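What follows is the residue order along each chain.
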There are 2 protein chains.
Amino acid sequence: MVITPHHFLENMFYPESIAIVGASTSDSESGWVRRLINFGYKGKIYPVNPKATEISGLPSYPSVRDIPDPVEYAIFNIPARFTLQAMNDCIAKGVKYVHCFAAGFSETGLDEARVMEQQLLALAKASGIRLLGPNCMGLYCPSAGLTFNQDFPKESGQVAFVSQSGAEAMRLVFLGQDVGIYFSKVASYGNAADLDAPDFLEYLADDEETKAVACYIEGVKNGPRFVSAVKKCLTKKPVVILKAGLTESGSGAAASHTASLTGAKPVWDAFFKQTGAIPANTMDEVADILQALIRVKPTRGRRVAVAGRGGGIGVVAADICERAGLKVPAFSKETRDRLLEVIPEAGASIRNPVETTAGLGGASLFYRRGLPIVDADTETDIILIHIAVDVYGTHTPDLAQKVGEAADALAEKAPSLRKPLAAALFTGGHPDTILAVHAAREKLIKAGVAVFSGVESATRALNKIIDYYSRVE
Amino acid sequence: MVITPHHFLENMFYPESIAIVGASTSDSESGWVRRLINFGYKGKIYPVNPKATEISGLPSYPSVRDIPDPVEYAIFNIPARFTLQAMNDCIAKGVKYVHCFAAGFSETGLDEARVMEQQLLALAKASGIRLLGPNCMGLYCPSAGLTFNQDFPKESGQVAFVSQSGAEAMRLVFLGQDVGIYFSKVASYGNAADLDAPDFLEYLADDEETKAVACYIEGVKNGPRFVSAVKKCLTKKPVVILKAGLTESGSGAAASHTASLTGAKPVWDAFFKQTGAIPANTMDEVADILQALIRVKPTRGRRVAVAGRGGGIGVVAADICERAGLKVPAFSKETRDRLLEVIPEAGASIRNPVETTAGLGGASLFYRRGLPIVDADTETDIILIHIAVDVYGTHTPDLAQKVGEAADALAEKAPSLRKPLAAALFTGGHPDTILAVHAAREKLIKAGVAVFSGVESATRALNKIIDYYSRVE
């Protein structure tokens, strides 16, 4: 656990004690108390529920005021109408942080709900309590044993995510887990009555555990502060931002979701240009960009060497590269001459894309003997491997094993390559081939290779990180 | 089996007898002889191999000339240098169609190989033999028991595919199979020395088994003939074309793959505008468009009603819709009032997108009670359901069952809806959630619901078919 002193959010991510106001008596795995216990939270947990004396094996209290020991952090898992009373109890107790998980505030668009949010905020402000939410999932910090989802990985990682949406926060953690990208800290901050994206960004800028930051934003309340926080972060690490609501349709949806004023597209275009933050349009793209940032060697070169089975797939891959802002030029004469020696099949292209031949055995052979040649080519900067599993006859009992062997060959060679490397593994939706791809992907990821679900997603992410590295120095 | 008389290709897709020149003695499942037997080809199969007297239980002949009975169709599974002799044997025997599977001809870029292809073609032309290839996978026609891949489905379907690339042909068949899209006929035609895309398109225009045609093209030899064949097809059925090599990178790759002159992008832009063919950029997009053509009710309306779990996911979905050329306007006042009655959760949006609440049970409830309300809305034309499986806590043992129950509810309601319907089911790459999605998808597909792997792919396909229906009226 890396401690970054001095920032007021540090203790919120690593609290010494947590009160669960409205703790469920069911001891369900998805309840706050049982979840924190199971996730390995090491601090004190105080269930609060007037209807119970014990919850999940811990003493339960009628109110936060009744807890005998100090409470640093409180989570409000109660209907909105009870939150003002709970906040007063927290003030009386000297609680420092409140996460209002409850919804039913300004996001409803109802006047009385908006007023209630203002009252909750006023109480917090007057007493020095920092308020997270309302209407949000809260914090995930595996190194502290903190989580809002019982299935999140306990493994800590290098990426932080600041999200106005709880569902998108869940999606990114699982999208990340599935490609071996883990998180240092995730904050779902909802209505942002008090704590807002800039607070988290400023904190994360100096968080040594965090090597890259992602952000899901619908609206920004204080533009200059947001810009300044993003810029501060960017002096230390890359920031990927999914700005939702940039279209008329999305803007209307956002107004109804988090009551956000999403802002005009030209303003945000200027923001990205001015700050150097990396823009993304979907959560899948965010996950892809994060993977590229973490696993692909920094590069400003846009010339891609493409290798894989299937001449037509190579042609389409070349088109996709160029549409994504990259180029697939011909290899040097020397490279082509050398490739001819290791590509046994007549008719297989060696111009770039180069076609690996003779089944998955041919792919393995190419990774061992062909990749070093491509790596030495002077006309290209990045290597993109595509493996279309369906092209290999597929659905045979030994497919997973053969794909795995090819992955082993690529994983073995990858660390010795000078050029940045990315792989695209894809298949139709047949469960056998999907599981084969999954197993192969795990091997590659373990070897540090960035693995994408298609040439389109790979090139889109590569283009974004090349843009980023071209700007940062 | 639907017989379309008079077109010369009919007998090639339904040949009465096939000689395999260069039949493998191994009786392997991936060999031509065993494959045709296993796939249920009902005509006569004549293995030709001078080194064997019996192959896969059938008598083998030293040459096509030695076969005692008439031979309609011959497949050359021999090195290129032996093909001229084999062609002479076929001429002597009175063979009508030759599929030259062998590669090593003009696609190599070598003069001697190009000359050999010309000689092969000249022999065929002089004798009236129609030549498929060289350098291609050949024909797949499940209703005739014809296939070039032992794992292709035996089930016949409504889509035909004409492909210059064999690997892309394999990809599309498997991509299709996985979403329940099956094929009437597939032709991988490679170098197109003789039979070319227009031959197949003209044939398929009148093929009653075929309701939609897809095409993978790198280069076109006779532009006017191609345009005329596409137009003929389009008077009867939709034609989706993946034109590869439209970028500089792709064009260079295509030259090396099939020696194709890919043509300038403005020319192809004009072609699509003039003919009304549906353009696609990747094979995944082709599969998506085919599914939309077959399962989504024809519509020219671009106003999408979006429903699913996760407010932020809804906002991003609305942005994606608009970027794809669609709109997500607010529901009518009446619709919103009625939705309020079936959406129990405070803070859930009912503007459009509408958020289904309370877990997968809430999703099922919405499909039963909310969908009819959305279906009656006057401000929207199409319904798009998104199910982000990861948002539902995920990875629990009963996830697959719960997702399946939600799919059942949607499948049950879908047939009663007036509006066109599409569903996007997606998840991170965790095998449990993937298999849950796979099972749910099968239920929906069985009920005739179009199921896509994401909002982006769904809206891209919807936009393309709306364009198409807007043109054809």
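A brief report on the enclosed structure follows.

## Here we look at the overall build of chain A
- Scanning chain A for helices and strands turns up 16 helices and 18 strands.
- Relative to a compact globule of 473 residues, whose C-alpha radius of gyration would be 23 Å, chain A shows 25 Å and is just as compact.
- Pairs at least 24 residues apart make up 75% of the contacts formed inside chain A by residues separated by at least 6 positions.
- About 16,700 Å² of surface is accessible on chain A, with carbon and sulfur atoms providing 52% of the total.
- Separation of charge centres in chain A, based on 49 positive and 52 negative side chains, amounts to 4 Å.

## Regarding the sheet that holds strand β14 (residues 304-308) of chain B
Residue and element names in this part refer to chain B.
- If you trace the 5 strands from one edge of the open sheet to the other, you get β15-β14-β16-β17-β18, paired in parallel fashion. Looking at which strands have only one partner, the edges of the open sheet turn out to be β15 (354-355) and β18 (450-452).
- Taken together, the 3 bridges between strand β17 (residues 421-426) and β18 define a ladder with parallel strand orientation. When the bridges of β18 are listed, Ala-423 appears paired with Val-451.
- Its contacts with the sheet place helix α15 (residues 431-446) against β17 and β18, and it is angled at close to 170° to β17.

## Structural notes on the relation of the copies chain A and chain B
- When chain A is fitted onto chain B, the two copies agree to an RMSD of 0.0 Å after a turn of 180° and an axial shift of 0.0 Å. What the rotation and shift describe, once combined, is the action of a two-fold rotation axis. Looking at the rotation axis and the C-alpha trace of chain A, the residue lying nearest is Ile434(A), at 4.2 Å.
- Of all interface residues in chain A, 99% are interface residues in chain B too; the two copies therefore contact each other through one and the same surface.

## Topic: the environment of Ala376(B)
All names here are of chain B.
- Here Ala-376 is to be found in the loop between α13 (359-375) and β16 (382-388).
- By relative accessible area, Ala-376 is classed as partly exposed at 42%.
- Sequence separation between Ala-376 and Gly-454 is 78 residues; the distance between their C-alpha atoms is 25 Å.
- Excluding anything up to four places from it in sequence, Ala-376 contacts Arg-338, Arg-418 and Lys-419.

## Notes on the interface of chain A and chain B
- Contact with chain A, which involves 72 residues of that partner, is made by 71 residues of chain B.
- When chain A packs against chain B, close to 5,400 Å² is buried across both sides, 58% of that on carbon and sulfur atoms.
- Linking chain A with chain B are 4 salt bridges, by the criterion used here.
- At the boundary of chain A with chain B, the tally comes to 22 residue pairs in polar contact (both at pLDDT 80 or more).
- Of all elements in the fold, only α5 (166-178), β12 (239-243), α8 (248-258), α11 (311-323), α15 (431-446) and α16 (455-472) of chain A reach the threshold of two or more residues within the side of chain A that touches chain B.
- The element contributing the most residues to the side of chain A that touches chain B is α11(A), with 11 residues.
- Among the residues forming the side of chain A that touches chain B, the class breakdown is 26 nonpolar, 29 polar and 17 charged.

## Observations regarding helix α14 (residues 399-413) of chain A
Residues and elements named next belong to chain A.
- For α14, which comprises 15 residues, the first-to-last C-alpha distance of 21 Å matches the rise-based estimate of 21 Å (1.5 Å per residue) to within 8%.
- Looking at α14, one finds that the buried residues are Leu-399, Val-403, Gly-404, Ala-406, Ala-407, Ala-409, Leu-410 and Ala-411.
- Tucked inside the fold, the buried residues of α14 contact α13 (359-375), β16 (382-388), β17 (421-426) and α15.

## Some thoughts on the sheet that holds strand β13 (residues 278-280) of chain B
Residues and elements named next belong to chain B.
- Across the sheet, 6 strands lie side by side as β8-β10-β9-β11-β12-β13; this open sheet has mixed pairing. Only two strands of the sheet have a single partner each, and these edge strands are β8 (138-140) and β13. On average, each strand axis in the sheet is tilted by 20° relative to the strand beside it, whichever way the strands run.
- As paired strands, strand β12 (residues 239-243) and β13 are joined by 3 bridges and run parallel to one another. Paired with Leu-242 across the strands is Ala-280, a residue of β13.
- Packed on one face of the sheet, helix α7 (residues 223-234) meets β11 (212-217) and β12 and runs near 145° to β12.
- Contacting β11, β12 and β13, helix α9 (residues 265-275) crosses the sheet at an angle of about 175° to β12.

## Here we look at the pattern of salt bridges
- Inspection of the entire model under this criterion finds 44 salt bridges over all chains.
- Between Arg302(B) and Asp467(B) there is a salt bridge, and its shortest N-O distance comes to 2.4 Å. Residue Arg302(B) is located in the loop between α10 (283-295) and β14, and its partner Asp467(B) is located in helix α16 (residues 455-472); the two are separated by 165 residues in the primary sequence.
- For Asp467(B), a relative accessible area of 26% corresponds to the partly exposed category.
- Overlapping salt bridges bring together Glu168(A), Arg171(A) and Asp284(A) as one network.

## Looking at the packing of helix α11 (residues 311-323) of chain B against α16(B)
All names here are of chain B.
- Close contact between α11 and α16 brings their axes to 9 Å; oriented N to C, the two are set at 30°. Considered as vectors, α11 and α16 are oriented roughly parallel to each other. In the packing of α11 onto α16, the handedness of the crossing is right-handed. Of the residues in α16, those touching α11 at Ala-317, Ile-320 and Cys-321 are Val-455, Glu-456 and Thr-459.
- Looking at the contact of α11 with α16 residue by residue, the classes come out as 4 nonpolar, 1 polar and 1 charged.

## Some details on the pairing of strand β10 (residues 183-188) of chain A
Residue and element names in this part refer to chain A.
- Burial analysis of β10 places 6 of its 6 residues in the buried class, the great majority of the element.
- Bridge count for strand β8 (residues 138-140) against β10 is 3 bridges, and the pairing is antiparallel. If you follow Tyr-140 over to β10, its bridge partner there is Val-186.
- Two strands pair when backbone bridges link them, and strand β9 (residues 156-163) and β10 are joined in this way by 6 bridges, in the parallel orientation. Bridging across to β10, Val-162 finds its partner in Ala-187.

## Notes on α15(B)
All names here are of chain B.
- End to end, α15 covers 22 Å across 16 residues, agreeing with the expected 22 Å (1.5 Å per residue, within 8%).
- Those residues of α15 that sit buried are Pro-431, Thr-433, Ile-434, Ala-436, Val-437, His-438, Ala-440, Arg-441, Leu-444 and Ile-445.
- Within two residues after α15, Gly-448 carries a phi angle of roughly 85°, on the positive side.

## Describing the packing of α7(B) against α9(B)
Residues and elements named next belong to chain B.
- Between α7 and α9, the least distance of the axes is 10 Å, while the angle of their chain directions is 30°. As far as their axial angle goes, α9 and α7 are roughly parallel. Along this stretch, α7 crosses α9, giving a crossing that reads as right-handed. Here α7 contributes Phe-226, Val-227, Val-230, Lys-231 and Leu-234 to the contact with α9, which in turn contributes Trp-268, Phe-271, Gln-274 and Thr-275.
- Class assignment of the residues belonging to the contact of α7 with α9 gives a composition of 6 nonpolar, 2 polar and 1 charged.

## A closer look at unusual backbone geometry
Residues and elements named next belong to chain A.
- Here the bond from Gly-133 into Pro-134 is cis, since omega is 0°, no more than 30 degrees from zero.
- With respect to the helices and strands, the residue Pro-134 is situated in the loop between β7 (130-132) and β8.
- Although it is not a glycine, Asn-135 adopts a positive phi angle of roughly 65°.
- By the element assignment, Asn-135 lies in the loop between β7 and β8.

## Observations regarding the packing of aromatic side chains
Residues and elements named next belong to chain A.
- All told, the structure shown has 32 aromatic pairs over all chains when counted by the stated rule.
- Pairing Tyr-189 with Phe-200 gives two aromatic rings, centres 6.4 Å apart and planes at 25°, and the pair type is stacked. Of the two residues, Tyr-189 sits in the loop between β10 and α6 (197-206) while Phe-200 sits in helix α6, which places them 11 residues apart along the sequence.
- Taken together, Phe-39, Tyr-140, Phe-148, Phe-152 and Phe-174 form an aromatic cluster joined through their ring pairs.
- Lying across the ring of Trp-32, Arg-35 places its NZ or CZ 4.3 Å from the centre.

## Notes on the side chain of Asp377(B)
Residues and elements named next belong to chain B.
- Mapping Asp-377 onto the fold places it in the loop between α13 and β16.
- Despite its burial, Asp-377 pairs with no opposite charge, the nearest such side chain being Lys-419 at 4.4 Å.
- At 2.8 Å, the side chain of Asp-377 forms a polar contact with the side chain of Thr-380.
- Beyond its immediate stretch of four places on either side in the chain, Asp-377 contacts Phe-331, Ser-332, Thr-335 and Lys-419.

Calculation notes
- Residues numbered from 1 in each chain as written.
- Chains lettered and ligands numbered in written order.
- Predicted model: local features only at pLDDT ≥ 70, side-chain atom pairs only at ≥ 80, totals over all residues.
- Heavy atoms only, no water.
- Helix = DSSP H or I, 4+ residues; strand = E, 2+ residues; numbered from the N terminus.
- Rg over C-alpha atoms; globule rule 2.2 N^0.38 Å.
- Contact = heavy atoms within 4.5 Å.
- Areas by Shrake-Rupley, 256 points an atom, 1.4 Å probe, with all protein chains shown as cover.
- Lys, Arg positive; Asp, Glu negative; His and termini not counted.
- Charge placed at Lys NZ, Arg CZ, Asp CG, Glu CD.
- Pairing = 2+ DSSP bridges.
- Axes fitted to C-alpha atoms, helices over the stretch in contact; angles between N-to-C directions.
- Least-squares fit on C-alpha atoms with pLDDT ≥ 70 in both.
- Buried < 20%, exposed > 50% of the residue type's maximum accessible area, 1.4 Å probe, protein only.
- Buried area = accessible area lost by both parts, 1.4 Å probe.
- Salt bridge = Lys/Arg side-chain N within 4 Å of Asp/Glu carboxyl O.
- Polar contact = N/O pair within 3.5 Å; in protein donor to acceptor, adjacent residues only side chain to side chain.
- Nonpolar A, V, L, I, M, F, W, Y, C, P; charged D, E, K, R; others polar.
- Expected span 1.5 Å × (residues − 1).
- Parallel < 35°, antiparallel > 145°, perpendicular 65-115°, else oblique.
- Left-handed = near helix turned anticlockwise from the far one by under 90°.
- Phe/Tyr/Trp six-rings, centres within 6.5 Å; stacked < 30°, edge-to-face > 60°.
- Lys NZ or Arg CZ within 6 Å of the ring centre and 35° of its normal.

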